[in-house]
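# Chains, contacts and geometry: an overview
One-letter residues, chain by chain:
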Amino acid sequence: GWRPGVSEGGKTLSARIVAVNPDGADARTWSIGVAARPAGLLAWFQFEADGEGWATTTWKSGPYDPGVITREDSGGNAGGCMRSQGSGATNNQDTCNREGTVMTRAVSTEGRAGIRVEWDAVAALAPPPGASGTGDCAVLEGTSDDKLVVYYSAHGIEGPWVLAAMRSEGGGLPGVWTHMACDLAADAAVDDNARFALKFVWQFNTAADEGRIDNVSVWSAGAAEFRRGD
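Fair warning: this is a prediction, and the values are worked out from it, not measured in the lab.

### Let's talk about the overall build of the chain
The secondary structure content of the chain amounts to 0 helices and 13 strands. For the chain, the α and β elements follow one another from N to C terminus as β-β-β-β-β-β-β-β-β-β-β-β-β. In terms of overall dimensions, the chain has C-alpha extents of about 75 × 60 × 25 Å along its principal axes. A buried classification covers 42% of the 230 residues belonging to the chain. Separation of charge centres in the chain, based on 19 positive and 29 negative side chains, amounts to 5 Å.

This is the structure:
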């Protein structure tokens, strides 16, 4: 249950364990080397013990059930992860049969510039939707296929949100754990910003669809040259 703090990176710590029973006592001491924090790493979310401050919600495009999102102890890359699943019983083109999940979090970039976001993702998906009538319900980014969409905001978790990356079924939504990234260095609004925020949104069309996210990290290329308002 122990995790090293940022200040313990690069240090060697010791842990002493004492066992006592009616026959006596014994003790053992171990040395623990804590790896140094990688240069440029602002935040890293591994989901091994909890949701690490990420807010989670679900959504639906029509009258059916919303998606489901949970943090799981296993099934990650490695350890825990955030698992999302659909709920629909059909697998057709009707856009009202779409549902999904949302996870959001603010990650301050104060004093830093050249922001980059990385994450690991995997999906297990039913076959693509078959032919059917189309509904008039709203769907994620205008299409009804299964997908993961990543957004960012320079104004906190209230938005507005900017599209950063999108992976769709048949076009980059992986069936094995895959490392992904988006470079936001071209948008100066996210530099030196205490209100920088991220949002991951899944869209599914059946309960047989699921996706997992792990190892979300935020990186900086260097220090900000000036603070806005100075």
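Following the structure, the description resumes.
### So, the pattern of salt bridges
Close approach of charged atoms allows side chains of opposite charge to pair. Tallied over the entire structure, the rule returns 9 salt bridges. We note a salt bridge from D145 to K147, for which the minimum N-O separation is 3.3 Å. Its relative accessible area of 22% is what places D145 among the partly exposed residues. On the accessibility criterion, K147 (0% relative accessible area) is buried. Several salt bridges converge on common partners, so that one network encompasses E72, R83, E210 and R212.

### Things to note about the packing of aromatic side chains
This model, assessed by the stated rule, comprises 6 aromatic pairs. Plain terms: the ring middles of Y152 and F196 are 6.4 Å apart, the flat faces sit at 40° to each other, and that makes the pair tilted. Residue Y152 is found in strand β9 (residues 147-153), and its partner F196 is found in the loop between β11 (178-183) and β12 (197-204); the two are separated by 44 residues along the sequence. The residues Y152 and F196 share a single accessibility class, namely buried. Relative to F204, the ring of W202 lies with its centre 5.4 Å away and its plane at 15°, an arrangement referred to as stacked. Residue F204 is classed as buried on the basis of its relative accessible area of 0%. Seen from the ring of Y151, K199 lies directly overhead, with NZ or CZ sitting 5.2 Å from the centre.

### Some words on the side chain of N92
Note that N92 resides in the loop between β6 (81-85) and β7 (99-106). The exposure class assigned to N92 is buried, which follows from its relative accessible area of 17%. Within the local environment of N92, its side chain forms a polar contact with the backbone nitrogen of D94, the two atoms lying 3.0 Å apart. Side-chain polar atoms of N92 contact the side chain of N97, separated by 3.0 Å.

### As for the state of the cysteines
Tallied over the full model, the rule gives 1 disulfide. Through a disulfide, C96 is tied to C137; the S-S separation comes to 2.0 Å. Of note, the bridge from C96 to C137 carries an S-S torsion of about 80° and is right-handed in sense. In this pair, C96 sits in the loop between β6 and β7 while C137 sits in the loop between β8 (112-124) and β9, placing the two residues 41 residues apart along the sequence. Across this residue pair, the class does not change: C96 and C137 are buried. With no disulfide of its own, C81 has C182 as its nearest cysteine by sulfur position, at a separation of 20 Å. Look at C182 and you get buried, because its relative accessible area is 7%.

### Let's talk about the environment of S153
Of note, S153 is situated in strand β9. Relative accessible area serves as the criterion here: at 0%, S153 is assigned to the buried category. With 43 residues separating them along the chain, S153 and F196 place their C-alpha atoms 5.7 Å apart. With residues near it in sequence (within four places) discarded, S153 still touches G159, P160, W161, R195, F196 and A197. A distance of 2.9 Å separates a polar atom in the side chain of S153 from the backbone nitrogen of H155.

How each quantity is defined
Residues numbered from 1 in each chain as written. Predicted model: local features only at pLDDT ≥ 70, side-chain atom pairs only at ≥ 80, totals over all residues. Heavy atoms only, no water. Helix = DSSP H or I, 4+ residues; strand = E, 2+ residues; numbered from the N terminus. Buried < 20%, exposed > 50% of the residue type's maximum accessible area, 1.4 Å probe, protein only. Lys, Arg positive; Asp, Glu negative; His and termini not counted. Charge placed at Lys NZ, Arg CZ, Asp CG, Glu CD. Salt bridge = Lys/Arg side-chain N within 4 Å of Asp/Glu carboxyl O. Phe/Tyr/Trp six-rings, centres within 6.5 Å; stacked < 30°, edge-to-face > 60°. Lys NZ or Arg CZ within 6 Å of the ring centre and 35° of its normal. Polar contact = N/O pair within 3.5 Å; in protein donor to acceptor, adjacent residues only side chain to side chain. Disulfide = S-S within 2.5 Å. Contact = heavy atoms within 4.5 Å.

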